[in-house]
Amino acid sequence: MLTIDLGAIAGNWRTLCRRVAPAECAAVVKADAYGLGAAHVAPALAAAGCTTFFVALLEEGVVLRPCLPGAEIIALLGALPGREADHAHHRIVPVLNSLGDIARWQAFARSVGRRQPAWIHLDTGMNRLGLDAAEARRLAEQPERLAGLELRGWISHLACADQPHHPLSAAQLGRFHRTLAPLPAGRRSLAGSSGLWRSRAFHLELVRPGAALYGINPTPEAANLMRPVIMLKSRILQVRTVDSGATIGYGAAATVARRSRIATIAVGYADGALRSSANRGHVFIDRRPAPVVGRVSMDLMTIDVTDLPEAAVAPGGWAELIGPDRSVDAAAADAGTIGYEILTGLSRRHHRVWLAPATGNLATGDQWTS
Ligand SMILES: *Cc1c(COP(=O)(O)O)cnc(C)c1O
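Reading the values: rules and limits
- Residues numbered from 1 in each chain as written.
- Predicted model: local features only at pLDDT ≥ 70, side-chain atom pairs only at ≥ 80, totals over all residues.
- Heavy atoms only, no water.
- Helix = DSSP H or I, 4+ residues; strand = E, 2+ residues; numbered from the N terminus.
- Contact = heavy atoms within 4.5 Å.
- Lys, Arg positive; Asp, Glu negative; His and termini not counted.
- Charge placed at Lys NZ, Arg CZ, Asp CG, Glu CD.
- Near = heavy atom within 4 Å.
- Polar contact = N/O pair within 3.5 Å; in protein donor to acceptor, adjacent residues only side chain to side chain.
- Areas by Shrake-Rupley, 256 points an atom, 1.4 Å probe, with all protein chains shown as cover.
- 1 Å grid on protein atoms, 1.4 Å probe; cavity = no way out; pocket = protein on both sides within 12 Å on 5 of 7 lines; lining within 4 Å.
- Sits in = over half its atoms within 2 Å of the grid points.
- Nonpolar A, V, L, I, M, F, W, Y, C, P; charged D, E, K, R; others polar.
- Core = buried A, V, L, I, M, F, W, Y, C linked by side-chain atoms within 4.5 Å.
- Buried < 20%, exposed > 50% of the residue type's maximum accessible area, 1.4 Å probe, protein only.
- Domains from an automatic or database assignment.
- Phe/Tyr/Trp six-rings, centres within 6.5 Å; stacked < 30°, edge-to-face > 60°.
- Axes fitted to C-alpha atoms, helices over the stretch in contact; angles between N-to-C directions.
- Parallel < 35°, antiparallel > 145°, perpendicular 65-115°, else oblique.
- Left-handed = near helix turned anticlockwise from the far one by under 90°.
- Points joined across faces, edges and corners; volume = space filled by probe spheres on them.
- Expected span 1.5 Å × (residues − 1).
- Pairing = 2+ DSSP bridges.

> Report on the overall build of the chain, specifying residues and quantitative values.
Secondary structure summary: the chain contains 10 helices and 20 strands in total. Reported as C-alpha extents along the three principal axes, the dimensions of the chain are approximately 80 × 40 × 40 Å. Sequence separation of at least 24 residues holds for 63% of the intrachain contacts in the chain that already meet a minimum separation of 6. In the chain, the 39 positive side-chain charges and the 31 negative ones have mean positions that sit 3 Å from each other.

> Could you give me a rundown of the environment of Asn127, with the residues and numbers involved?
Note that Asn127 resides in the loop between strand 7 (116-121) and helix 7 (133-141). For the pair formed by Asn127 and Asp5, sequence separation is 122 residues and the distance between their alpha carbons is 36 Å.

> Quick rundown of the site of the ligand? Include the residues and the values.
Of all residues adjacent to the ligand, which total 13 residues, the nearest are Lys30, Tyr34, Ser193, Gly210 and Tyr340. Between Arg208 and the ligand, the recorded distance is 2.9 Å, taken from a side-chain N or O atom to a nitrogen atom. Computed on the free molecule, the ligand has an accessible area of 390 Å², of which 88% lies beneath the protein chains in the complex. With respect to the detected pockets, the ligand is housed in the largest pocket. A class-by-class count of the residues in the shell around the ligand yields six nonpolar, four polar and three charged.

> I'd like a description of the nonpolar core, backed by residues and values.
Most often, soluble globular proteins keep nonpolar side chains buried together rather than apart. Of all hydrophobic cores here, the largest spans 104 residues; its most connected members are Ile9, Val29, Leu36, Leu45, Tyr214 and Ile230. For this core, the two domains that each supply at least three residues are domain 1 (2-214) and domain 2 (230-362). Among all residues touching Ile230, those that are not within four sequence positions of it are Leu2, Thr3, Ile4, Leu36, Ile322, Gly323, Val328, Leu343 and Leu346. By size, the runner-up hydrophobic cluster in this structure holds six residues, among which are Val242, Ile248, Ile262 and Val293.

> Tell me about the packing of aromatic side chains, and please be specific about residues and values.
Following the criterion strictly, the structure yields three aromatic pairs and no others. Considering the side-chain rings of Tyr34 and Tyr340, the 6.0 Å spacing of their centres and the 40° angle between planes classify their relative orientation as tilted. With a gap of 306 residues between them, Tyr34 in helix 2 (residues 30-34) and Tyr340 in helix 10 (residues 339-344) connect regions that are remote in the sequence. Among the residues examined, Tyr340 registers a relative accessible area of 36% and is labelled partly exposed.

> Provide a residue-level description of the packing of helix 1 (residues 6-20) against helix 3 (residues 38-48), including the pertinent values.
Running from N to C, helix 1 and helix 3 point in directions that differ by 50°, and their axes come no closer than 9 Å. In terms of orientation, helix 1 lies oblique with respect to helix 3. Relative to helix 3, helix 1 is oriented so that their crossing is right-handed. Together, Leu6, Ile9, Ala10, Trp13 and Arg14 of helix 1 and His40, Val41, Ala44, Leu45 and Ala48 of helix 3 make up the contact between the two elements. Residues belonging to the contact of helix 1 with helix 3 are distributed by class as follows: eight nonpolar, one polar and one charged.

> Run through empty space enclosed by the protein, naming residues and quoting values.
Unoccupied space between atoms shows up once a probe the size of one water molecule is rolled over them. Inspection of the entire model under this criterion finds two cavities of 30 Å³ or more. Considering only enclosed or pocket space, the largest cavity measures out at about 170 Å³ in volume. In terms of lining, the largest cavity is formed by 18 residues, of which the most central are Ala273, Leu274, Leu321, Arg326 and Ala331. Only strand 15 (282-285) and strand 18 (318-322) provide two or more residues apiece to the lining of the largest cavity. Residue composition of the lining of the largest cavity, by class: 13 nonpolar, three polar and two charged. The calculated volume of the second largest cavity comes to roughly 60 Å³. Along the walls of the second largest cavity sit Ala56, Leu57, Leu58, Glu59, Leu77, Gly78, Leu80, Arg83 and His87, which together make up its complete lining. Tallied by class, residues from the lining of the second largest cavity come to five nonpolar, two polar and two charged.

> Residue-level account of helix 1, with values.
Its 15 residues give helix 1 an end-to-end C-alpha distance of 21 Å, which sits within 8% of 21 Å, the value for a rise of 1.5 Å per residue. When you tally the buried positions in helix 1, you get 11 out of 15 residues, the bulk of the element. If you check which residues of helix 1 are buried, you get Leu6, Gly7, Ala8, Ile9, Ala10, Gly11, Asn12, Trp13, Leu16, Cys17 and Val20. Taken together, the buried residues of helix 1 touch strand 1 (2-5), strand 2 (24-25), helix 3, strand 10 (206-207) and strand 19 (352-355). N-cap assignment for helix 1: the residue whose side-chain oxygen lies 3.0 Å from the backbone N of Gly7 is Asp5.

> Outline the pairing of strand 11 (residues 230-242), supporting the account with residue identities and numerical values.
Relative to strand 11, strand 1 is paired through three bridges, and the arrangement is antiparallel. Each bridged residue has a counterpart across the sheet, and for Leu2 the counterpart in strand 11 is Leu232. Note that strand 11 and strand 18 share four bridges and pair antiparallel. Of the residues in strand 18, the one forming a bridge with Lys233 is Glu320. As judged from the six bridges shared by strand 11 and strand 14 (residues 260-265), these two strands associate in the antiparallel manner. If you follow Arg240 over to strand 14, its bridge partner there is Ile262.

Here's what the structure looks like:
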């Protein structure tokens, strides 16, 4: 069962707002709000006062438009060829990532005879998306390339914001300012979850956090200031006693060194429990740690409960995979990955419960697990 605390998400957004004021705090809700259900998360954030939302794709914005009627929705990956009219119709503002993107959006504006809104992405060192230095120079020298566009602002993206003193962050900030100097004025946005904790210089006019809203630690070098957002629990199906020397599960990948009690729980890699956490890390039963033993299979995991009181572990009971005892970041570390991949990998098979912000009322999803 996956419980998603919308009040904690709204609370995290407010914490970030206070941190960056007077800069504006947007919310990144791409990839279905990092797997937590954008149709629930975005309205909760809007109710808390958020008015600017980032998605990756047009389609993600189209789905959210009815529940965010007045918000600015921005698509980071830009307007793909042939989809310009859909952007305009649903008011999904594209981030233009190249001179070619700008030319196409301008041609569309001309064809409909109406100025079209856009953000423009300047690459300052990530080398992934956005206008490179030469393209930015051409844009500054040929301002007519922006005719017909309603320029909303400029964005860039930090490569190493989660490393507190990484020199690339300051270098990117400097490049952003220098690249913008000869370009038309507009709002500026550089920082996501981690960048906004670095220094005020990174806030500019708008910050765009995602991960921190969802409880991932944006300052990995220090304690997490974000509220935890999800609780992931799974049922204990069976408990068995095995002799010393017995092997557990596929590939006989674990051998017990003593007579042991092994509990089998109803969660596997089809639910987003990564196979790379085989024989690593713990789940919690009754707030006590129980190590994962053996491989993770599609629907099942096995855990060693020898050191837990017998009464605490029974079929039908719950094991906590993520929650107060085990953070998303800890689960990610056990699987050799980052919290972002854990959240976006949570499968549709979990029965989902969204805790509503103010009332604590339950909103129940329509997907049920075994
Ligand atoms: C995903 C994304 C963000 C949000 O990053 P977090 O680290 O989750 O806060 C911000 N900006 C861009 C361009 C992104 O792709």
